[in-house]
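Examining the three-dimensional arrangement
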Number of protein chains: 2
Amino acid sequence: MQIAVVVYDRFTALDVVGPYEMLSRAPGAETVFVAEERGPVRTETGFLAVTADRALAEVPAPDVVVVSGGPGQSALMDHAPLLDWLRQADATSTWTTSVCSGSLLLAAAGLLEGRRATSHWLALWQLGAFGVEATGERVVFDGKYVTAAGVSSGIDMGLALLGRIAGDDHARAVQLGTEYDPQPPYDAGAPHKAPPHLVEKLRARSRFILT
Amino acid sequence: MQIAVVVYDRFTALDVVGPYEMLSRAPGAETVFVAEERGPVRTETGFLAVTADRALAEVPAPDVVVVSGGPGQSALMDHAPLLDWLRQADATSTWTTSVCSGSLLLAAAGLLEGRRATSHWLALWQLGAFGVEATGERVVFDGKYVTAAGVSSGIDMGLALLGRIAGDDHARAVQLGTEYDPQPPYDAGAPHKAPPHLVEKLRARSRFILT
């Protein structure tokens, strides 16, 4: 089983490191970080680069596709090299997945039309334009398409998908091994839980990023 | 404020990407990934490399130190270049922190003697030999020393520390931006919650890794 994790300039690291940490522990899985070209790919903060060990063209038929989100996504919404690859990989994939605004790239590639999907709460509204039923859920399974909400939700997506791939017992063992027993020190991780002034602050800021 | 994230061969990615995703969003913070030498550093799975943008010697006095855990930790317990650097950086740091078995490196450097600290649940027992009071808590603050339990606990540590550094309101905004509202699909993330046969399985496997 080959898992292709797709990154690009200005992706968000946790979007894909969450699923990687879960899915790469499936028995017999080979995980490969891919980008348009091989080499270091830097996150939106500029502080972290991960290595794309393979170019997209070198990984034509992965079993599992994981597409990152991040501020760099908006520059790729009609970028043929990526969207063509997504369509090609999806043609033979067992699972096609995304985290955060990565679902907008799947949608732009036409892969989510008529399906239910999720995205970062600030990006959800953009799914409708692609014929996608946007849900506010944290993880959405619709057939072989699995989408996760913002950034950290990729951990939940990865663990849920690991359960489908390798069985509940294996997934529980990985949860135990990664000590995934979250205890956030605050309870502001969703717009309906956070103080309204913070929701407004992020919405205002996102107008410059997302539109 | 400079945040140094310490990685090494066979580190665990989520250990440090969790804290990075939280702490790098502190106002005015510069985050730098460091290793003994500059260049790509690969995780224990072999599937992911992150770039160390600086060598340890180039980052002599960070304000915040974050030490990764991972299977590679056990080879470094008397590795002078790393332990000497930890002692030097700690001499002027505001916060000295670790995730997972990274606390064993802080302990080996002599930095946790007489203090309370945590680690991956499978590594906790090793802290006692260094005069450290091991707790099973997920995040432990003791003075300027902050230690987190296994792998994913670095997210909670990073968010809690961000609150101390940048204030609760800022930390809540980052929690909202990263949509950190965890909903694990299983409840097996700690040894007292997981099925006993999985706890035993991981303990048995760890004898070969940790001793």
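Residues numbered from 1 in each chain as written. Chains lettered and ligands numbered in written order. Predicted model: local features only at pLDDT ≥ 70, side-chain atom pairs only at ≥ 80, totals over all residues. Heavy atoms only, no water.

As named in an unreviewed UniProt entry, chain A is Transcriptional regulator GlxA family with amidase domain, taken from Streptomyces rishiriensis.

1. Overview of the sheet that holds strand S1 (residues 2-6) of chain A
Residue and element names in this part refer to chain A. With mixed pairing, seven strands are arranged side by side in an open sheet as S5-S2-S1-S6-S7-S11-S10. Every interior strand has two partners, whereas the edge strands, strand S5 (54-55) and strand S10 (139-142), have only one. Two elements, S1 and strand S2 (residues 30-35), share five bridges in a ladder whose sense is parallel. Each residue of the ladder has a partner; that of isoleucine 3, found in S2, is threonine 31. Across the face of the sheet, helix H4 (residues 153-166) comes into contact with strand S6 (64-67), strand S7 (95-99), S10 and strand S11 (145-148) while running at roughly 165 degrees to S7. (Pairing = 2+ DSSP bridges. Helix = DSSP H or I, 4+ residues; strand = E, 2+ residues; numbered from the N terminus. Contact = heavy atoms within 4.5 Å. Axes fitted to C-alpha atoms, helices over the stretch in contact; angles between N-to-C directions.)

2. Brief notes about the relation of the copies chain A and chain B
Overlaying chain A on chain B yields an RMSD of 0.0 Å, the required transformation being a rotation through 180 degrees with an accompanying axial translation of 0.0 Å. Taken together, the rotation and translation relating the two chain copies correspond to the operation of a two-fold axis. Rotation axis and chain A: the residue whose C-alpha lies nearest the axis is A:Val50, separated from it by 2.1 Å. Interface overlap between copies is the fraction of interface residues in one copy that are interface residues in the other; for chain A against chain B it reaches 100%, indicating a shared surface. (Least-squares fit on C-alpha atoms with pLDDT ≥ 70 in both.)

3. A look at the pairing of strand S4 (residues 49-52) of chain A
Along S4(A), one buried face is formed by A:Ala49 and A:Thr51 and the opposite face, lined by A:Val50 and A:Ala52, is buried too. From the end of strand S3 (residues 39-42) of chain A to the start of S4(A), which pair antiparallel, there are six residues, and A:Gly46 there has a positive phi angle of about 85 degrees. (Buried < 20%, exposed > 50% of the residue type's maximum accessible area, 1.4 Å probe, protein only.)

4. Observations concerning the interface of chain A and chain B
Contacts between the two partners involve 65 residues from chain A, matched on the other side by 65 residues from chain B. Summed over both partners, the interface of chain A with chain B comes to about 5,700 Å²; 59% of that surface belongs to carbon and sulfur atoms. Among the residues of chain A in contact with chain B, A:Leu176, A:Glu179 and A:Tyr186 are the three that bury the most area, contributing 15% of the side total. Inspection of the chain A/chain B interface yields six salt bridges. A salt bridge links A:Arg42 to B:Asp53; the nearest nitrogen and oxygen atoms lie 2.9 Å apart. Where chain A packs against chain B, one counts 46 residue pairs in polar contact (both at pLDDT 80 or more). (Buried area = accessible area lost by both parts, 1.4 Å probe. Salt bridge = Lys/Arg side-chain N within 4 Å of Asp/Glu carboxyl O. Polar contact = N/O pair within 3.5 Å; in protein donor to acceptor, adjacent residues only side chain to side chain.)

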